[in-house]
Amino acid sequence: MEKPRPLWDNPLQFVFACISYAVGLGNVWRFPYLCQMYGGGGFLIPYLIMLIVEGMPLLYLELAVGQHMRQGSIGAWKIISPYLSGVGIASVVVSFFLSMYYNVINAWAFWYLFHSFQDPLPWASCPLNSNHTGYDEECTKTSSTQYFWYRKTLNISSSIEEYGSIQWEQAVCLILAWLVVYLCILRGTESTGKVVYVTASLPYLVLIIYLIRGLTLHGAVNGLIYMFTPKLEQLANPKTWINAATQIFFSLGLGFGSLIAFASYNEPNNNCERYAIIISLINSSTSIFASIVTFSIYGFKATFNYENCLNKVILLLTNVFDLEEGALTADNLDSMKDYLTSTYSNQYAELLPQIKNCSLEAELDTAVQGTGLAFIVYSEAIKNMEVSQLYSVLYFIMLLMLGIGSMLGNTAAILTPLTDSKFLSTHLPKEVISGIICFINCIVGLVFTLEAGNYWFDIFNDYAATLSLLLIVLVETIAVCYVYGLRRFEKDLLLMLGHKPNWYWKIMWAFVSPVLIISLFIFYLTDYIRTGTLQYQAWDATEGQLVTKDYPSYALAVIGLLVAASTMCIPLGALIIFLMKRLKKRSVSTLE
Amino acid sequence: NGWSLYFDGILYLLKQPECISLFSLSMFKLLIFYLSLQYAWDASEEYLFKAMVAFAMRRYSNKETTQISNVLLCNMTERVSFWFVVTDSARNVTTVPGSEVEAAIRMNRNRINSAFLLTDNTLQFLKISSTLSPPIEPTVPVWLVVFGVVLCLVVAGILLLVVSGIQQRKKNNHESAETGDLEDKSDTPVITENGIPCDILDLKAGQINGVYAADDERLTPL
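Please read these numbers as outputs of a predicted model, since none were measured by experiment. (Residues numbered from 1 in each chain as written. Chains lettered and ligands numbered in written order. Predicted model: local features only at pLDDT ≥ 70, side-chain atom pairs only at ≥ 80, totals over all residues. Heavy atoms only, no water.)

Trainee: Explanation requested: the overall build of chain A in the structure shown.
Mentor: A tally of regular secondary structure across chain A gives 26 helices and 2 strands. Against the compact-globule benchmark of 25 Å for 592 residues, chain A has a radius of gyration of 27 Å, which places it among compact chains. Taken over the C-alpha atoms alone, chain A extends approximately 110 × 50 × 45 Å along its principal axes. Looking at chain A residue by residue over its 592 residues, the buried ones come to 58%. Sequence separation of 24 or more characterises 82% of the internal contacts of chain A that already satisfy a separation of 6 or more. When the accessible area of chain A is evaluated, it comes to approximately 23,700 Å², of which 65% is carbon and sulfur surface. Looking at charge distribution, chain A has the averaged site of its 33 positive side-chain charges lying 18 Å from that of its 41 negative ones. (Helix = DSSP H or I, 4+ residues; strand = E, 2+ residues; numbered from the N terminus. Rg over C-alpha atoms; globule rule 2.2 N^0.38 Å. Buried < 20%, exposed > 50% of the residue type's maximum accessible area, 1.4 Å probe, protein only. Contact = heavy atoms within 4.5 Å. Areas by Shrake-Rupley, 256 points an atom, 1.4 Å probe, with all protein chains shown as cover. Lys, Arg positive; Asp, Glu negative; His and termini not counted. Charge placed at Lys NZ, Arg CZ, Asp CG, Glu CD.)

Take a look at the structure:
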């Protein structure tokens, strides 16, 4: 007696789940960085081309596979071909790695959220040193927001070898983050379906509020102009196109098995073609929307720092040369400096090391991505706004919603194959399986709360998913087009949707996407090989900045293990099935 | 030109004779940001300043010997900056050591600031490093309080869902034991599935059959 498969209450839940999963932190903290680095407004051209050529077809493919096979990733690929069960297992392994480290970001977001209820914000000023004569030394070398991130939040050690101890504050935030995830996935689609209404829509509300606030900030226009002026010469740089392709690829979350899992809970005749187009368009437009917000914030922060710098120089010159107030302004500063240099060359020369050259472009040019953008740059901008507590709370709630939405997809990718398997679902109820998965992930995640935890986080972030996903999706596309057969797939789509896919989709699936993925794969491999040893950025507390160091050998071993664990599943799975079939044939033939 | 007038102040023309003789390490320079003053700076404000410095000296040394006349201001400039020195009337025309003055002012800095409605940034004593007031530390960190609240809510939610799930499962087992093997084995990926699991139909009476009420999308096209 089998229970029928749980379904989404309505197609809207499915769409919201996919949007909630696809629209994640990468849209907020990676896309603006790419935009800035690779040509400003001009980056939109390769981005949109890659969206149409790569994003939509691959998304449609995964949704169709999930919806038709009505199983999680392991079961779905088993149906396509028994030799491909390794692909499903590889997806689950990659999702497992991802959920291990991704929830740590939610833990940090919780930490910052809880600290946002203080007045003034704790990252607004440096703490005092022990004898109260001045500010803490490390804090003076960097800024108060960087100090709060590196010292108070992470308590980071100076290299990956120095483990340090578990930071209990981060550990309890991590436990809380896993409890929240467990609460959302506890009942399967029943609970997930309701939660995604909130996690998908709340970030947009906050982004709109921030857009209005950001555009009205002083200096926001500087950031927007800087971002959107297209530097079209970047289009000739191959890295631009590669990064556009990579961004589309990872932003949609292809290859993890989450999309297959979500689509498997659909009605069989759900129009996944339409939804694939809608979801990918919404994902990309959210990226662009988020980067408008980010750049207005950038502009505000850069202008604020620039004007602060100018004011400090004016103050210094006014004090030393006893000028009347108002004599030096931002406009006449340069001409006055020339006058002072010529008239009082000795005294001016003594002052020269203290006078910084303030430049708005230099402030805008500090392109940051990742946790640096989310937790340092944004919090620095927020502390200078009025009613900063409110904006801080809103911002970190938004980060939490984005992060939890993506976590729901990650855990669905792991849990759906497990609950599909007859063996597990008969012995253990869904709640217990989810609980065990959350518990294991939480325990392993405690590694990231060590003092060196952020370095391990970077390892997982950079290497756990990148190469493996490219391989998985490549195998997926080739499997569907050539192993399963494009004609058979067309017939399935006709059965589901009522019409065959038109020539555009078929060409993309059969030729363009595989070629694109192979070229991305080759690029990544050559990049890894060319750079030789892998390096990482370590925080130097005495200097107050990041320094580059080499990974020790055991870290390199872990990286290799991460990549191998998922990629090797594919050939191993095929090999094992092949051997099992041989054994069966042999045992059958010996019986005769 | 007009600029040169402003730069006369650089050559510190000490106009008062006593300032020349007392010029020493015990002299401190005060700078006030003219533009941040909420009032006009005049002789009465100078008097208040002398009073505040005398007050600081009295507080620091716990002797009530310092008089307002012991504080001398020299070389006033338009943007409100001047030098001042504290003399010791017990020993004629000698100055109180700079370290004492410095310590006294540092101890009472916030009182002096608030007397003038200014802050550490807008009222600057050159050569006196300001002691910074430590931030107020609440007894229980605020973040722990919020954390505790959220944690309790989440745990309560989990317990609620788990317990109601267990109860529902017990009810289902009980009822399926009663009704026997009437459940439909519909789990095949065929399009004829109408989307409504049959066990729900068994349990509730009067369920609307979605096959007839469903929209066109559910039906296979002809």
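Trainee: Hey, could you run me through the pattern of salt bridges in this one?
Mentor: When the charged atoms of two side chains with opposite charge come close together, those side chains can pair. All names here are of chain A. By the definition in use, this model includes 9 salt bridges over all chains. A salt bridge links R5 to D420; the shortest N-O distance between them is 3.0 Å. Residue R5 is located in the segment before α1 (11-22), and its partner D420 is located in helix α19 (residues 388-420); the two are separated by 415 residues in the primary sequence. D420 carries the same exposure label as R5, and that label is buried. The residue E137 makes a salt bridge to K141 at a minimum N-O spacing of 3.2 Å. Of this pair, E137 and K141 both sit in helix α7 (residues 137-141), 4 residues apart, which is roughly one turn of that helix. The exposed category is assigned to E137, whose relative accessible area is 55%. Given a relative accessible area of 42%, K141 falls into the partly exposed group. (Salt bridge = Lys/Arg side-chain N within 4 Å of Asp/Glu carboxyl O.)

Trainee: It is not clear to me how the UniProt feature "transmembrane region" (unreviewed entry) in chain B should be interpreted in this structure. Could you clarify?
Mentor: Under the UniProt annotation, "transmembrane region" (unreviewed entry) lies at residues 20-41 and 142-163 of chain B. As annotated, residues 142-163 of chain B has a helix share of 100% and a strand share of 0%, and its two end C-alpha atoms lie 32 Å apart. (UniProt positions renumbered as here; feature names shortened; annotations may be inferred.)

Trainee: For this particular structure, what's the right way to read the state of the cysteines?
Mentor: Note on terminology: disulfide describes a covalent bond linking the sulfur atoms of two cysteines. Residues and elements named next belong to chain A. Under the defined criterion, the tally for this structure stands at 2 disulfides over all chains. Here C126 connects covalently by a disulfide to C139, the sulfurs 1.9 Å from one another. Sign of the S-S torsion, about -85 degrees for the bond between C126 and C139, identifies this disulfide as left-handed. Of this pair, C126 sits in the loop between α6 (85-115) and α7 while C139 sits in helix α7, placing them 13 residues apart in sequence. Residue classification places C126 among the buried residues on the basis of a relative accessible area of 17%. In this model, C309 is linked to C358 through a disulfide, with the two sulfur atoms separated by 1.9 Å. Handedness of the C309-C358 disulfide follows from its S-S torsion of about -80 degrees: it is left-handed. Here C358 lies in the loop between α16 (345-351) and α17 (360-364) and C309 lies in helix α14 (residues 272-320), a separation of 49 residues in the sequence. On the basis of relative accessibility, which here comes to 15%, the residue C309 falls in the buried class. With its bonded cysteines labelled in order along the sequence, chain A shows the pairing 1-2, 3-4. Residue C272 stays outside any disulfide, its sulfur separated by 10 Å from that of C18, the closest cysteine. (Disulfide = S-S within 2.5 Å.)

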